[in-house]
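# Chains, contacts and geometry: an overview
Now for the letters of each chain:
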Amino acid sequence: MGEPLRIGMVGAGKISGAYLNTFERLENVRLTAVTDLDPSRAKAAADRVPGAQVVGSVADLVVRSDVDAVLNLTIPAVHAEVARVALAVGKHVYGEKPLTATREDADLLLAAAEADGLRIGCAPDTVLGTGVQTARKAVDDGLIGTPVAATAFMTTAGHERWHPDPEFYYRPGGGPLLDMGPYYISALIHLLGPVVKVTGASSRPRAERVIGSGPRAGQRFDVDVETHVTGVLQHASGALTTLVMSFDIHAARLPRIEVHGTEGSLSVPDPNNFDGDVELHRAAGEGWETLPVSAGYVGAGRGTGLSDMAAAIEEDRPHRASAEVARHVLDTMLTLLDSAQAGRTLYLNTSCARPDPVTR
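In this report, the structure presented in the accompanying data block is examined. Counting from 1, residues in each chain are numbered in the order their sequence is written. Only residues with pLDDT of 70 or above have their local features reported here, since the model is predicted, and side-chain atom pairs are shown and tallied only from 80 upward, although totals for entire chains, interfaces and linings are computed over all residues. Just so you know, side-chain values use all the structure's heavy atoms and leave hydrogens and water out.

### Here we look at the sheet that holds strand β14 (residues 264-268)
Counted only if it meets this: By this definition, two strands are paired if DSSP reports at least two bridges between them. The helix count covers DSSP runs of H or I at least four residues long, the strand count covers runs of E at least two residues long, and both are numbered beginning at the N terminus. Should any heavy atoms of two residues lie within 4.5 Å, those residues are counted as being in contact. To obtain each axis, a line is fitted to C-alpha atoms, and for helices this fit is confined to the stretch in contact; angles are then taken between N-to-C directions over 0 to 180 degrees.
The mixed open sheet is built from nine strands, whose spatial order is β16-β15-β14-β13-β7-β12-β11-β8-β17. Looking at which strands have only one partner, the edges of the open sheet turn out to be β16 (289-290) and β17 (346-347). The pairing of β14 with strand β15 (residues 279-282) spans four bridges and is antiparallel. Note on β15: the bridge partner recorded for Ser-267 is Glu-279. Sheet strands touched by helix α7 (residues 175-192): β7 (147-155), β11 (228-235), β12 (240-246), β13 (257-261) and β14. Its angle to β12, the strand with the most contacts, is close to 160°. Relative to strand β8 (residues 195-203), helix α9 (residues 323-342) is tilted by about 50°, and along the sheet it contacts β8, β11, β12 and β17.

The structure is reproduced here in structure tokens:
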């Protein structure tokens, strides 16, 4: 292994702690600089990593000689802006999901990166853990025969119950589909391949929400996005996925993801996590059996995708948590919302290859 990829982190909010936890055990990435709109948060993050420096602005961070790649942990509305600044000065980018808020911004970023030979990676990297990867191997090994259908459900009453500053979840770029959909749709792409067309429906039952925790508890704020989205995705393979993403359901007993084939069914663990039991019910079986872990990065955490990108740069291979997959995920979600508004089935304008599996 060569020298670690040196990382400048933009944004030191809640999710940054998970990345810092993972960095502690990764050898091929090293945090060197941190910036945040709140200097105290930047300092708290930098203090966790020996040698990491607090930087005053994004512009100052991206031009540092000890930054090879920018980790973009800002809110969705500025993902594209931060990535553009980093790419413009020749830095690789790895960002939180979604890749951008619009297709146009995503296309511009990919074009800029390709022109300059730079990498863009994007969460979620949960799909690289043992949960989804073991499930993928089961599908690829034919344990359920030919995949026919899948279901994917994410239901909650809304993030304002626990997040002290939840407004951005209900602004453009947010909502249950763009917030949580990337975990589920990325997993479905690993399992079943890209999506070719969608049929959607959506609703916004409440015009405002109430903050439920923290110093602003009780404050009301407006809702600007659809908060319950449902639809059918048709994959290039012919498999059909039924999808429900909701901030309007208080309790449910729905599975996270199930994949059903001609020879059996597969229960996939929560794609918001890296691991979990994968269960198989064979057509001739009498019940569910737990499959042994057979693929995926063991002990993975937030930032594993960035580590995979660093390894891919060194090995001159495609990285798995790629911008191409993230752009297709974004296009799938936005087309689903467009379909809901139009009241008809719509075809996607993008596709992507299934990323290479993580073998053991």
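### Section: the packing of aromatic side chains
Here is the rule: The criterion for an aromatic pair is that two Phe, Tyr or Trp rings (for Trp, the six-membered ring) have centres within 6.5 Å, with stacked assigned to planes under 30 degrees apart, edge-to-face to planes over 60 apart and tilted to the rest. The classification of residues rests on relative accessible area computed with a 1.4 Å probe and restricted to protein chains. Under 20% of the type maximum is buried, over 50% is exposed, and intermediate values are partly exposed.
Under the criterion given, the structure shown has five aromatic pairs. With 5.4 Å between their ring centres and 55° between their planes, Tyr-170 and Phe-221 make a pair best called tilted. With Tyr-170 in the loop between β7 and α7 and Phe-221 in strand β10 (residues 220-222), this pair connects stretches of sequence that are 51 residues apart. Since its relative accessible area comes to 0%, Tyr-170 is described here as buried. You can call Phe-221 buried: its relative accessible area is 5%. These aromatic residues form a ring-pair network of at least three members: Trp-162, Phe-168 and Tyr-169.

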